[in-house]
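Here are the chains, one letter per residue:
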Amino acid sequence: MIKINKRYKLLKSNSKVRLFMRGYNILKNKNDLYSIPLIRKKIGSTFLNSQVNHSSQTFFGSSNSNLELTLRQFLLTKLIGIDFNMKLLSSFAKPNRRILYPIPKEWRVLLDKSGFVSDFFLNRIYWNLYVLFIFCYGVYLNLIRFFHSFINIIRNRKTDYSRGISFQKLAYNNLPVSNNSHTIINWYHNYFGKKENNLYYMHDVNTNSSFSVDNVQLKKVRDSGFLPQSFNKLIKYFLWFIWALFFSFYKFLNGKYWYMILFNEASLAFLARNTDSRIMPEKFLFHQIGHKLKPLWTYEVEKFNKRVYLYFYATNIENLKFNNEPLVQDHFWENTSWNNFLVWNDNQANFIKKYCKKPSVITIVEPIYFNTNNNLKLDRSVESKNYVAIFDIQPFRTSFFQLFGAGQEYYTAKVANLFLNDIFEVTNKYKLLLVHKLKRDLSIYGSLENITFKKNLLSLKKQKRFISVNPEISAFKIIDHSLVTISMQFTSSSVYAKFRNKPTFFYDPTSKLDNSYFKKNKILLISGKDELENWFNFFLNN
């Protein structure tokens, strides 16, 4: 969030914001906002160079046969996001629809066929500079690995992670501070870990925390524990590095850019396949934010019969389906290649089966905790009352929302304010306390904050029967003590409430969502204020 906020502040200093907003409004006036997600879908399904899957196995290892998909995943993750959306939107405000952006030739040609101007000389230079930048960054990361490996060997730091579980790409608030924290590590320990014989829960967070969950120690580990632990292996790594450095540069001169692009990925894969499988963790867990890219090294550890999972800490992964409009599913799920998924329920499992083309093992578990590592609780005066818990989706300021390239305007301040105001009017009529939880403190949003939403929330906070609680309090704790839980669709809070057998429903204040389509969620979708009032009238009088 902080990185995005800084980038947005840079944009504000020039005319770029006005340009992409003008492009957005042109599409909106033509009722053509779906053109942005449709272009992204076309890019995701456009194959890259046919020679990629015939690359050097010495360089890329076990994933060589499916390397094109990994390359596509990598570039979709790095390039086809907010910055790309901004370029597309801006182009609609230009007479020639010219786009200056670093993407490979196949995608530039696709944009040209779609009515843009992208495959020109300056863009080819831009793309090659981007390839060189990614390559240099990969070299830099490898030099850091050499340094840490050398220090560890000198200090005789040898480690055996065979009784460890590796959690990838976590942040500090994902690490537990007590056995009752609501973090992914607590959840794993309670659901799986107590039946296992683990010594370590490994993570990559830069902290010195030495907390243990029931005697299973949290341990910070670099590069998933694949660093060489002897001089022989370090020399072997160094020789591969020198060879790969020159080999990838040679291939780049021959038009095979993917050796440079995936240099860092290939080096991690090399380290993984040269690590003794007997000291590797048994499981590697990735969360849904990184769903697009399955790293090259994961194919190597799977070759050693280690298990790699993608798990979901939330259920709001499906695009909204509106009345009389087609569903355009975004976010490149069809490009994923995970073998194992941990999901909350049948609905999420069916989503994976529908959109993820690769056959996989889907394990339905239960609601998965993720990132609440504090012991904050509701005030006792609130906890003891019959209250209605509500969970919305905080809107960004209008200009930043437009950069998401959504096909419809739904997660906006207008809809969020209707959501809060309608529910408060009805619950206040029945003299019920309304407890509202933001996902994050509004101050974190900085220049991305939506002022209209903030003003409306401040106004509601002055009301006697409306409380907006500390966003750091676990949503699970709030739901556990609630009378009813209401969520903006299709957030995880109502799914958890249903799991806890609490009365719950999704509320659509606009009545625009296709109720018949979302019946598969097995959670009621109430459309409009009249239906909302009828539900409470029936609930409180029966």
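The structure displayed is predicted, hence computed values, not measured ones.

About the thresholds
- Residues numbered from 1 in each chain as written.
- Predicted model: local features only at pLDDT ≥ 70, side-chain atom pairs only at ≥ 80, totals over all residues.
- Heavy atoms only, no water.
- Helix = DSSP H or I, 4+ residues; strand = E, 2+ residues; numbered from the N terminus.
- Rg over C-alpha atoms; globule rule 2.2 N^0.38 Å.
- Buried < 20%, exposed > 50% of the residue type's maximum accessible area, 1.4 Å probe, protein only.
- Contact = heavy atoms within 4.5 Å.
- Lys, Arg positive; Asp, Glu negative; His and termini not counted.
- Charge placed at Lys NZ, Arg CZ, Asp CG, Glu CD.
- Pairing = 2+ DSSP bridges.
- Axes fitted to C-alpha atoms, helices over the stretch in contact; angles between N-to-C directions.
- Expected span 1.5 Å × (residues − 1).
- Phe/Tyr/Trp six-rings, centres within 6.5 Å; stacked < 30°, edge-to-face > 60°.
- Parallel < 35°, antiparallel > 145°, perpendicular 65-115°, else oblique.
- Left-handed = near helix turned anticlockwise from the far one by under 90°.
- Nonpolar A, V, L, I, M, F, W, Y, C, P; charged D, E, K, R; others polar.
- Salt bridge = Lys/Arg side-chain N within 4 Å of Asp/Glu carboxyl O.

Turning our attention to the overall build of the chain. The helix and strand tally for the chain stands at 21 helices and 16 strands. In terms of overall dimensions, the chain is globule-like: its C-alpha atoms have a radius of gyration of 25 Å, near the 24 Å expected for 542 residues. Along the longest, intermediate and shortest principal axes, the C-alpha atoms of the chain span 75 × 65 × 40 Å. Taken across its 542 residues, the chain has 55% of its residues classed as buried. Summarising the internal contacts of the chain: among those between residues at least 6 apart in sequence, 72% fall at separations of at least 24. Counting 76 positive and 37 negative side-chain charges, the chain places the averaged centre of each group 5 Å from the other.

In this section: the sheet that holds strand β7 (residues 307-311). Judged by pairing direction, the sheet is mixed, and its 8 strands sit side by side in the order β4-β5-β3-β1-β6-β7-β8-β9 without closing on themselves. This sheet does not close on itself; its edge strands, each paired only once, are β4 (212-213) and β9 (361-364). Here helix α9 (residues 184-191) sits on the sheet and contacts β1 (164-167), β3 (200-203), β4, β5 (216-220), β6 (283-287), β7, β8 (340-343) and β9; the angle it forms with β1, its principal contact strand, is near 145 degrees. Across the sheet, helix α13 (residues 296-303) lies against β6 and β7, angled at about 150 degrees from β6, the strand it touches most.

All right, on to helix α10 (residues 231-253) then. Taking 1.5 Å per residue as the helical rise, α10 with its 23 residues ought to reach 33 Å, and the 33 Å between its terminal C-alpha atoms agrees with that figure. Looking only at α10, the buried set comprises L234, Y237, W240, F241, A244, F247, S248, K251 and F252. Packed against the buried residues of α10 are α4 (57-60), α8 (121-154), α11 (258-261) and α12 (263-273). Taken from the residues just after α10, G255 is the one with a positive phi, measuring 85 degrees.

The next point concerns the pairing of β5. Alignment of β3 against β5, held across 4 bridges, turns out to be parallel. Within β5, the position partnered with Y200 by the bridge is Q217. Note: β4 against β5, 2 bridges, orientation antiparallel. Along β5, the bridge assignment pairs V213 with V216. Following β4, the chain reverses through 2 residues before pairing antiparallel with β5; D214 in that reversal takes a positive phi of roughly 50 degrees.

Further remarks concern the packing of aromatic side chains. In total, this model carries 61 aromatic pairs according to the counting rule given. Summarising the aromatic geometry, the rings of F476 and Y496 are spaced 4.3 Å apart at their centres and angled 70 degrees between planes, so their arrangement reads as edge-to-face. Taken together, the residues span a long stretch of sequence, with F476 in helix α19 (residues 475-480) and Y496 in helix α20 (residues 492-499) at a distance of 20 residues. Comparing F476 with Y496, the two get one shared label, buried. An angle of 80 degrees between the planes, with centres 5.1 Å apart, marks the rings of W535 and F536 as edge-to-face. Looking at W535, the relative accessible area reads 18%, which means it is buried.

Packed helices, taken two at a time, are described by the angle their axes make and the gap between the axes. Contact pair helix α3 (residues 35-44) / helix α6 (residues 82-91): the axes reach a minimum separation of 11 Å and the direction vectors enclose 120 degrees. If you check the angle between α3 and α6, you find them oblique. The handedness of the crossing between α3 and α6 comes out as right-handed. Along its contact with α3, which presents I36, I39, R40 and I43, the element α6 presents F84, N85, L88 and L89. Across the contact of α3 with α6, the residue classes break down as 6 nonpolar, 1 polar and 1 charged.

Of note, T207 is situated in the loop between β3 and β4. For the pair formed by T207 and A171, sequence separation is 36 residues and the distance between their alpha carbons is 9.7 Å.

A few words now on the sheet that holds strand β13 (residues 466-469). Pairing between sheet strands relies on hydrogen bonds along the backbone, with the strands arranged either parallel or antiparallel. Spatial ordering of the open sheet is given by β13-β12-β11-β14-β15-β16, a layout of 6 strands whose pairing is parallel. Two strands in the sheet have a free side with no partner beyond their single neighbour: β13 and β16 (525-527). If you compare each strand with its neighbour and ignore which way they point, the axes differ by 30 degrees on average. Where strand β11 (residues 387-391) meets strand β12 (residues 433-437), 5 bridges bridge the pair, whose relative direction is parallel. Among the inter-strand pairings, V388 is bridged to a residue of β12, identified as L434. Each of β11, β14 (484-487) and β15 (504-508) touches α20; the most contacted strand, β14, lies at about 150 degrees to it.

Attention shifts here to the pattern of salt bridges. In the structure shown here, the tally under the stated rule is 19 salt bridges. Of the charged contacts in the structure, one is a salt bridge between D514 and K321, with a shortest N-O distance of 3.0 Å. Placement of the pair is D514 in the loop between β15 and β16 and K321 in the loop between β7 and β8, with a sequence separation of 193 residues. Across the pair, K321 and D514 agree in class, each one buried. Connected via shared salt-bridge partners are K105, R108, D119 and R124.

Quick look at α12 now. Of all 11 residues in α12, 11 are buried; the element is thus mostly enclosed. Among all positions of α12, only F263, N264, E265, A266, S267, L268, A269, F270, L271, A272 and R273 are buried. Tucked into the core, α12 has its buried residues touching α4, α5 (67-79), α8, α10, α11 and α13.

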